[in-house]
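Architecture and fold: a report
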Amino acid sequence: MALLNILNYPDKRLYKVAKPVETVNDRIRRLVADMAETMYAAPGVGLAATQVDVHERVVVIDVSETHDELRVFINPEIVWKSDEKKLSEEGCLSVPGIYDDVERAEKVRVRALNEKSESFEVDCEGLLAVCIQHEMDHLLGHVFVEYLSPLKQSRIKTRMKKLAHAM
């Protein structure tokens, strides 16, 4: 396993739309393992392949307190969203140190493949629902700051560029 480099906003590669995984093979399983290691080391609760400059539809999530309940979503799709919305504070490994409220569906049902290429569906609510919607946005080339006001977006972009120059 290896730690992967996480792209930082406003890197243009974060806006690429991920392609479906054609075959769940050893390369994809290695990507999943590397993404999980990277997510835990960051530390974070979710990571999309787009964030590590791999533009395929792969997401890893672990919202457990003990960080031992890794969930893998390959080619995820939301097949149902509740009409009820909820405002939750979000952060992002690609936008370190920035947190703000984003409104999302309170509950979602997701269909995906696991690392064994088995299809499954899962009903998500709470932090898991927020996280899967956030990570799936990455697969579509979106970053959570796009939900914020233009003024906040501009301030965050300026701050992130200053951080990049300081490194």
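Pairing is possible between side chains of opposite charge, provided their charged atoms come close. In total, this model carries 10 salt bridges according to the counting rule given. The salt bridge partner of arginine 13 is aspartate 53, with a shortest N-O separation of 3.2 Å. Pair noted here: arginine 13 is in the segment before helix 1 (26-41) and aspartate 53 is in the loop between strand 1 (46-48) and strand 2 (58-61), with a separation of 40 residues, a long-range link. Arginine 13 sits in the partly exposed class, given a relative accessible area of 35%. In this structure, arginine 109 and aspartate 123 form a salt bridge, with 2.6 Å as the shortest nitrogen-oxygen distance. Within this pair, whereas arginine 109 is found in strand 6 (residues 107-113), its partner aspartate 123 is found in strand 7 (residues 119-125), the two being separated by 14 residues in sequence. Overall, arginine 109 belongs to the partly exposed group, its relative accessible area being 28%. Connected through salt bridges with shared partners, the residues Asp11, Arg13 and Asp53 form a single ionic network.

Given two aromatic rings, their pairing is described by the distance between the two centres and the angle made by the two planes. By the definition in use, this model includes 1 aromatic pair. Between phenylalanine 73 and phenylalanine 120, the aromatic rings sit 5.7 Å apart at their centres with planes inclined by 50°, giving tilted as the arrangement. Pair noted here: phenylalanine 73 is in strand 3 (residues 71-81) and phenylalanine 120 is in strand 7, with a separation of 47 residues, a long-range link. On the basis of relative accessible area, phenylalanine 73 is assigned to the buried category, the value being 1%. For phenylalanine 120, a relative accessible area of 24% puts it in the partly exposed group.

Moving on, we come to the nonpolar core. Among the nonpolar cores identified, the biggest contains 17 residues, and Val59, Ile61, Phe73, Val108, Val110, Cys124 and Ile132 are the most heavily contacted of them. Elements supplying a minimum of two residues to this core: strand 2, strand 6, strand 7 and helix 2 (126-139). Leave out the neighbours within four places in its chain, and valine 59 touches Met35, Leu47, Ala48, Arg71, Val72, Phe73, Pro76, Ile132, Glu135 and Leu139. In terms of nonpolar packing, the next biggest core, distinct from the first, is built from 16 residues, Ile28, Met35, Met39 and Val60 among them.

Here we take up the sheet that holds strand 1. Taking strand neighbours across the sheet as the criterion, the 5 strands line up as 1-2-3-6-7 in an open arrangement whose pairing is antiparallel. Each end of this open sheet is capped by a strand with a single partner; those strands are strand 1 and strand 7. Taken pair by pair, the neighbouring strands of this sheet meet at an average axis angle of 40°, ignoring direction. Bridge analysis of strand 3 against strand 6 gives 5 bridges, and the strand direction is antiparallel. By the bridge assignment for strand 6, isoleucine 78 is matched with valine 110.

Turning our attention to the side chain of histidine 134. Mapped onto the elements of the fold, histidine 134 is located in helix 2. Leave out the neighbours within four places in its chain, and histidine 134 touches Glu90, Gly91, Cys92, Arg104 and Phe144.

Conventions we followed
Residues numbered from 1 in each chain as written. Predicted model: local features only at pLDDT ≥ 70, side-chain atom pairs only at ≥ 80, totals over all residues. Heavy atoms only, no water. Salt bridge = Lys/Arg side-chain N within 4 Å of Asp/Glu carboxyl O. Helix = DSSP H or I, 4+ residues; strand = E, 2+ residues; numbered from the N terminus. Buried < 20%, exposed > 50% of the residue type's maximum accessible area, 1.4 Å probe, protein only. Phe/Tyr/Trp six-rings, centres within 6.5 Å; stacked < 30°, edge-to-face > 60°. Core = buried A, V, L, I, M, F, W, Y, C linked by side-chain atoms within 4.5 Å. Contact = heavy atoms within 4.5 Å. Pairing = 2+ DSSP bridges. Axes fitted to C-alpha atoms, helices over the stretch in contact; angles between N-to-C directions.

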